[in-house]
Amino acid sequence: MAFHRYDVVVVGAGGAGLSAALELAGEATVAVITKLYPTRSHTGAAQGGVAASLGNVEEDHWEWHLYDTIKGGDYLVDQDAAEILVKDAIDAVVGLEHMGLPFSRTPEGKIAQRRFGGHTRNFGEGPVMRACYSADRTGHMILTTLYQNSVKNKVTFFDEYHLLDLIFTEDGTCSGVVAYELKTGELHVIHAKAVILATGGAGRVFKITSNAMASTGDGMGVAFRNGVPLMDLEFMQFHPTGLARLGILVSEAARGEGGIVRNSTGEAFAARYAPTMKDLAPRDMMSRFIHQEIKEGRGIDGKDYVLLDLTHLSSETIAEKLPDISDFARVYLGVEPTEEGIPIQPTAHFTMGGIPTNNDGQVIRDGEGTVVPGLYAAGECACVSIHGANRLGTNSLLELLVFGRRAGKQVMRDLDSLEFATLPKSPETASVERIDALRGRTSGHRAPEIRAKMQESMTENLSVSREEAGIVETLGVIQQLKRDYSDVTVDDKGSVYNIDLMEALELEHMLNIAEVMCQGALDRQESRGAHYRADFAKRDDVNWLRHTMAYKQGQGLSMAYKPVTITRFEPKERTY
Amino acid sequence: MEVTLRIKRFNPETDKKAHFEEYVVDVDPRDRVLDALNQVKWYQDGTLTYRRSCGHGICGSDAMRINGRNRLACKVLMQDLGKRVTLEPLMGFRIEKDLLVDMDVFFDKYKSVKPYLIADNPPAHGERLQSPEERHIFDDTTKCILCAACTTSCPVTWMSEDFVGPAAIVNAHRFIFDSRDTAGIERLQILNKGTGVWRCRTVFNCTDACPRDIKVTEAIEQVKRALIFGDQ
Ligand SMILES: Cc1cc2nc3c(=O)[nH]c(=O)nc-3n(C[C@H](O)[C@H](O)[C@H](O)COP(=O)(O)OP(=O)(O)OC[C@H]3O[C@@H](n4cnc5c(N)ncnc54)[C@H](O)[C@@H]3O)c2cc1C
């Protein structure tokens, strides 16, 4: 076992982790641990853009952006947090340009902007150009730029180290992490005054997803195992346009540039459901429209997909502004998007819920906002909550920048009062036992089979439309799979790059997360944002205008709630 | 359809040298090579080791030799490969285990070209301006995902360890030709050394290997021209 000491450990090197680390670089000793090489993080897959009301192309205001974010989130958004997001957006995006990000440009040389779902002018009058972009590889450019600046600022990376556990002192202060070095199999204890979790989303709980194989919710899982609640996990975003069967994303930018979704009769059906915003209605709605069309038999050839039509866009627009996604259509489906529609269906995309934090990235443990000392979270693994029940496209990349930075700033403020607390004796013991048990067993259930059953069942019953019987069934499946997991085995007993072992470790987190998602979805007897209950089709503000907080209790769960912060916009019916 | 995968295997904890093993998989013709690898790993032999993450050609984890050519396993479909598919690790890097190679040297070379914007102070308010034409000049090289497919396809890289390699040059190009950057000369000096662009023999393997369709050889030529004519 190896031992290290840094003022701050950041877990995760996506947009959130790197933003936090850059904030701290040079001011404190920082170690970034990441199970992937930083540039492999899933932030690099983001395509369409990052929101800021720059007004470079047409009039825009942060107040409009705020309204859209709150309404888009079906009023479950904490409005004070959303206000920080939209106000800081301008500085954050311009800051990226200053760091070197090669944005696409307007003819005057400013950062180019395009339309995106749910982003409107003047409180809902029609679409507005707010998404700042670099072709359709905005996430790639953000991740690359942040990484380049990390190299410039000599940030210390522990590449290919897998977080196993958080270390807490007896009084509940987080004082470091236990990590597993993939290359050697060695365990590392990193003693720290502050730990920032930035481990990304958990889309891999589902079978059809736009998320990377690494998006397994590890940070959420480790925090949850250590008594931290998980907030609002029943809200999983299904993006309307994943490549059929594969789930690979076709960005909303395609519709922002004028693309239209059509059913088997060729009808541009979104206009029937959302007369003002049409194909740029928010994602939860677009996904439901598609679901409804398919249910009523208007999927293509009666199957479970519809077509995204870009054929009316000029080939220059496609080549200049949507090169990657047209390449995906060609490579994976053999479809030429300039000539034919792209088969698409909703895909599990974004985890709105996560580790609850306050507006400064401090992890909180209850509805009163009690802070867990020494522990911070940012990015998709966190829940501030700025996305509420449904995230607007381009607000997530923005969240990484704004709240990643805020977490870093808060840590700087706290470092004066935080100390290197005395670590418990052998803080790695539980991790050693966990790994020895996995590697030591010679027979038992195989992780890939458990994982596949979980993913099947979640996609079957916890997708765009949910109802009690299905949720109960999947909850039962997950609980059985958790029992199966108790004797899980791995084929690979070695130390060097034991990815088999890593995947089994990730599965534990995914099972816990899936269970929380199911329980939250079962309890929430209403429809709000991405959580649509066919058996409770209306939003219920009287009983459910509140956040869910799920705690691990023994082998089961206990559920509690947290009020929603409302400052400027009272809940209204949501039409587009 | 049934396909036989011939996979080069090496476990440093048990093997003296690498050897091939064969696995028969039943795949959909539209499956990716990565899907076939996953099928082996998940349902036949969990010890098979390779890197992977995004699964659609964006993260750069799963570059490997597929029937002798450097490709991303997630960007090649089984239907395009025939009934026997040979999978080997990238050439020129130390094999850590099976298809997974040591990337440290690669990233060190990347870092050696100062792959970050070096510029005068930005304006107090708002972004620096850059015309679409200025932006277009280095567009191609911003697409690099550091998968190493180019560098490990280059015969010069196989022969001489100290050549910075195509990927590092691509990333230098990205800044040398960025109108906002002021350190082009510094980077050109780095690439003018014996370890730099003059090692390139214009074989075009790198361009063929790039899964992002970056015109790598052309970028290298532009750097060479900038060194000769000073026209960055
Ligand atoms: C295909 C796609 C397109 C998108 N497009 C957009 C868009 O256009 N606009 C927008 O705003 N949002 C978009 N999003 C959403 C947005 O990209 C993500 O929410 C965001 O990038 C997540 O960033 P992150 O930093 O929180 O996590 P990630 O980028 O996922 O990074 C997670 C990091 O944590 C590390 N990690 C995880 N587990 C462990 C562990 N156990 N030990 C050590 N390290 C660990 C990983 O190595 C990685 O470095 C898109 C998402 C997807 C999937």
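Residues numbered from 1 in each chain as written. Chains lettered and ligands numbered in written order. Predicted model: local features only at pLDDT ≥ 70, side-chain atom pairs only at ≥ 80, totals over all residues. Heavy atoms only, no water.

**With respect to the overall build of chain B**
Note the cut-off: In DSSP terms, a helix is any run of H or I states spanning at least four residues, a strand is any run of E spanning at least two, and both are numbered starting from the N terminus. The buried label applies to any residue whose accessible area, calculated with a 1.4 Å probe on protein chains only, is under 20% of its type's maximum; exposed applies above 50%, and partly exposed to all values in between. In this description, contact between two residues means that some pair of their heavy atoms is separated by no more than 4.5 Å. Surface accessibility follows the Shrake-Rupley procedure with a 1.4 Å probe radius. Residue values consider only the protein chains on display as shielding.
Looking only at helices and strands, chain B features 8 helices and 7 strands. Principal axes of the C-alpha set define a box for chain B whose edges measure 60 × 35 × 30 Å. The proportion of buried residues among the 232 residues of chain B is 59%. Restricting the contact set of chain B to residue pairs at least 6 apart, pairs at least 24 apart contribute 63%. As displayed, chain B has an accessible area near 9,500 Å², and 50% of this comes from carbon and sulfur atoms.

**Notes on the packing of helix 12 (residues 429–440) of chain A against helix 15 (residues 499–523) of chain A**
Residue and element names in this part refer to chain A. Condition: Here an angle of 0 to 180 degrees is reported between the N-to-C directions of two axes, which are lines fitted to C-alpha atoms, with helices fitted over the stretch in contact. Should an angle lie under 35 degrees it is considered roughly parallel, over 145 roughly antiparallel, and from 65 to 115 roughly perpendicular; all remaining angles are considered oblique. Left-handed describes a crossing in which the near helix is turned anticlockwise from the far one by less than a right angle; the clockwise case is right-handed. Under the grouping applied here, Gly and all other residues not named as nonpolar or charged are polar, the nonpolar ones being Ala, Val, Leu, Ile, Met, Phe, Trp, Tyr, Cys and Pro and the charged ones Asp, Glu, Lys and Arg.
The interhelical angle for the contact between helix 12 and helix 15, taken along N-to-C directions, is 120 degrees, at an axis separation of 11 Å. Relative to helix 15, the element helix 12 is oriented oblique. Where helix 12 crosses over helix 15, the two elements pack in a sense that is right-handed. Residue-level contacts link Arg434, Ile435, Leu438 and Arg439 of helix 12 to Leu501, Ala504, Leu505 and Glu508 of helix 15. Class assignment of the residues belonging to the contact of helix 12 with helix 15 gives a composition of 5 nonpolar, no polar and 3 charged.

**Comments concerning the site of the ligand**
Residues and elements named next belong to chain A. How we decide: A single heavy atom is enough: if one lies within 4 Å of a molecule or strand, its residue is considered near that molecule or strand. Here a polar contact means two N or O atoms within 3.5 Å. Within protein one must be a hydrogen donor candidate and the other an acceptor candidate, and residues neighboring in sequence count only if both atoms are side-chain atoms.
Neighbouring the ligand are 38 residues; Thr43, Leu163, Asp218, Glu380 and Leu397 lie closest to it. Measuring from an oxygen atom of the ligand, one finds a backbone N or O atom of alanine 198 at 3.4 Å. Across the complex, the protein chains shield 98% of the 1,000 Å² of accessible surface that the ligand would expose by itself. Looking at the shell around the ligand, the elements that each hand over two or more residues are helix 1 (15–24), strand 2 (30–34), strand 7 (161–168), strand 14 (342–351) and helix 11 (395–415). Among the elements that take part in the shell around the ligand, helix 11 stands out by supplying 4 residues, more than any other. Among the residues making up the shell around the ligand, the classes are represented as 14 nonpolar, 20 polar and 4 charged.

**Digging into the interface of chain B and chain A**
The condition is simple: By definition here, a salt bridge exists when the distance from a side-chain nitrogen of Lys or Arg to a carboxyl oxygen of Asp or Glu is within 4 Å.
In this assembly, 68 residues from chain B lie in contact with 63 residues from chain A. On inspection of chain B and its partner chain A, the count reaches 11 salt bridges. Mapped by element, the contributors of at least two residues to the side of chain B that touches chain A are helix 1 (33–43), strand 6 (95–97), helix 2 (104–112), helix 3 (132–137) and helix 5 (166–176) of chain B. Examining the composition of the side of chain B that touches chain A, we find that 5 residues originate from one element, helix 1 of chain B, more than from any other. Tallied by class, the residues present in the side of chain B that touches chain A amount to 28 nonpolar, 16 polar and 24 charged.

**Considering the packing of aromatic side chains**
The description of two aromatic rings rests on the distance between their centres and on the angle between their planes. Note the cut-off: Stacked, tilted and edge-to-face are the three classes assigned to paired rings of Phe, Tyr and Trp, where Trp is represented by its six-membered ring and a pair needs centres within 6.5 Å; plane angles under 30 degrees give stacked, over 60 edge-to-face, the rest tilted. Sitting over a ring, as applied to charges here, requires NZ of Lys or CZ of Arg to be within 6 Å of the ring centre and within 35 degrees of the ring normal.
All told, the structure shown has 16 aromatic pairs over all chains when counted by the stated rule. A centroid spacing of 5.1 Å and a plane angle of 90 degrees characterise the contact between phenylalanine 158 of chain A and tyrosine 161 of chain A, whose relative ring orientation is edge-to-face. In terms of burial, phenylalanine 158 of chain A and tyrosine 161 of chain A fall into one category: buried. Between phenylalanine 106 of chain B and phenylalanine 107 of chain B, the ring centres sit 5.6 Å apart and the planes meet at 85 degrees, which makes this aromatic pair edge-to-face. For arginine 114 of chain A, the ring lying beneath its charged end belongs to tyrosine 133 of chain A, and the centroid distance is 3.8 Å. One cation-aromatic arrangement involves arginine 6 of chain B over phenylalanine 20 of chain B; the distance from NZ or CZ to the ring centre is 4.0 Å.

**A closer look at the nonpolar core**
The criterion, for reference: Among the buried residues, those of types Ala, Val, Leu, Ile, Met, Phe, Trp, Tyr and Cys that are joined through side-chain atoms within 4.5 Å form a nonpolar core. How far each domain reaches was decided by an automatic or database domain assignment.
By size, the foremost hydrophobic cluster in this structure holds 121 residues, and its most contacted members are Val8 of chain A together with Leu5, Leu37 and Leu87 of chain B. Broken down by element, the residue count for this core peaks at 9 residues, all from helix 11 of chain A. Shared between two domains, this core holds at least three residues of each, these being domain 1 (2–101) and domain 2 (104–229) of chain B. Each residue touching leucine 37 of chain B, except ones within four places of it in the same chain, is listed here: Leu5, Ile7, Leu48, Tyr50, Met64, Ala73, Leu87 and Leu99 of chain B. Judged by nonpolar contacts, the second largest core, of 79 residues, contains Ile167, Met220, Tyr485 and Ala521 of chain A.

**Focus on the domain arrangement of chain B**
All names here are of chain B. What counts is decided by this rule: Once two parts are brought into contact, the accessible area they lose, counted with a 1.4 Å probe and summed over both, makes up the buried area.
If you check the domain split of chain B, you get domain 1 (2–101) and domain 2 (104–229). Distance from the C-alpha centre of domain 1 to the C-alpha centre of domain 2: 29 Å. Taken together, the contact between domain 1 and domain 2 spans 14 residues of the former and 13 residues of the latter. Carbon and sulfur atoms make up 59% of the area that domain 1 and domain 2 hide from each other, which totals about 1,100 Å².

**Observations concerning the pattern of salt bridges**
Tallied over the full model, the rule gives 72 salt bridges over all chains. A salt bridge links arginine 262 of chain A to aspartate 309 of chain A; its shortest N-O distance comes to 2.7 Å. Of this pair, arginine 262 of chain A sits in strand 12 (residues 260–262) while aspartate 309 of chain A sits in strand 13 (residues 306–309), and the two are 47 residues apart along the sequence. The class for arginine 262 of chain A is partly exposed, based on a relative accessible area of 25%. Where arginine 69 of chain B meets aspartate 208 of chain B, a salt bridge forms, and the shortest distance between an N and an O atom there is 3.1 Å. Residue arginine 69 of chain B is located in strand 4 (residues 69–72), and its partner aspartate 208 of chain B is located in helix 7 (residues 205–209); the two are separated by 139 residues in the primary sequence.

**Some points on the sheet that holds strand 4 of chain B**
Residue and element names in this part refer to chain B. To keep things clear, this is the line we draw: The criterion for strand pairing is that DSSP finds at least two bridges linking the strands in question.
Strand order in the open sheet made by the 5 strands is 2-1-5-3-4, with mixed pairing throughout. Strands at the two margins of the open sheet, each flanked by one partner only, are strand 2 (19–26) and strand 4. Geometrically, the sheet is characterised by an average inter-axis angle of 35 degrees between neighbouring strands, direction not taken into account. Along the sheet, helix 1 contacts strand 1 (2–9), strand 2, strand 3 (63–66) and strand 5 (84–88); its crossing angle with strand 2, the most-contacted strand, is approximately 100 degrees.

**Concerning unusual backbone geometry**
All names here are of chain A. Across the junction of valine 384 and serine 385, the peptide omega takes the value 10 degrees, indicating a cis bond. Its place among the elements puts serine 385 in the loop between strand 18 (382–383) and helix 11. Even without glycine at this site, aspartate 232 takes up a positive phi of about 55 degrees. Positionally, aspartate 232 belongs in the loop between strand 10 (230–231) and strand 11 (236–243). A positive phi angle, close to 40 degrees, is found at tyrosine 497, a residue other than glycine. Structurally, the position occupied by tyrosine 497 is in the loop between helix 14 (468–485) and helix 15. For tyrosine 497, a relative accessible area of 3% corresponds to the buried category.

**Comments concerning the environment of valine 177 of chain A**
All names here are of chain A. Here valine 177 is to be found in strand 8 (residues 174–181). Spatially, the C-alpha atom of valine 177 lies 20 Å from that of alanine 437, the residues being 260 residues apart in sequence. For valine 177, the residues in contact, after removing those within four places along its chain, are Val9, Val11, Ile33, Leu163, Asp165, Leu166, Ile167, His188, Val189, Ile190 and Val195.

**With respect to the pairing of strand 9 (residues 187–197) of chain A**
Residue and element names in this part refer to chain A. Within strand 9, 11 of the 11 residues are buried, which leaves it mostly tucked inside the rest of the structure. The pairing of strand 1 (residues 2–11) with strand 9 spans 9 bridges and is classified as parallel. When the bridges of strand 9 are listed, tyrosine 6 appears paired with alanine 192. As consecutive antiparallel partners, strand 8 and strand 9 are separated by 5 residues, and within that stretch glycine 185 has a phi angle of approximately 80 degrees, a positive value. Here 3 bridges tie strand 9 to strand 17 (residues 371–377), and the two strands are oriented parallel to one another.

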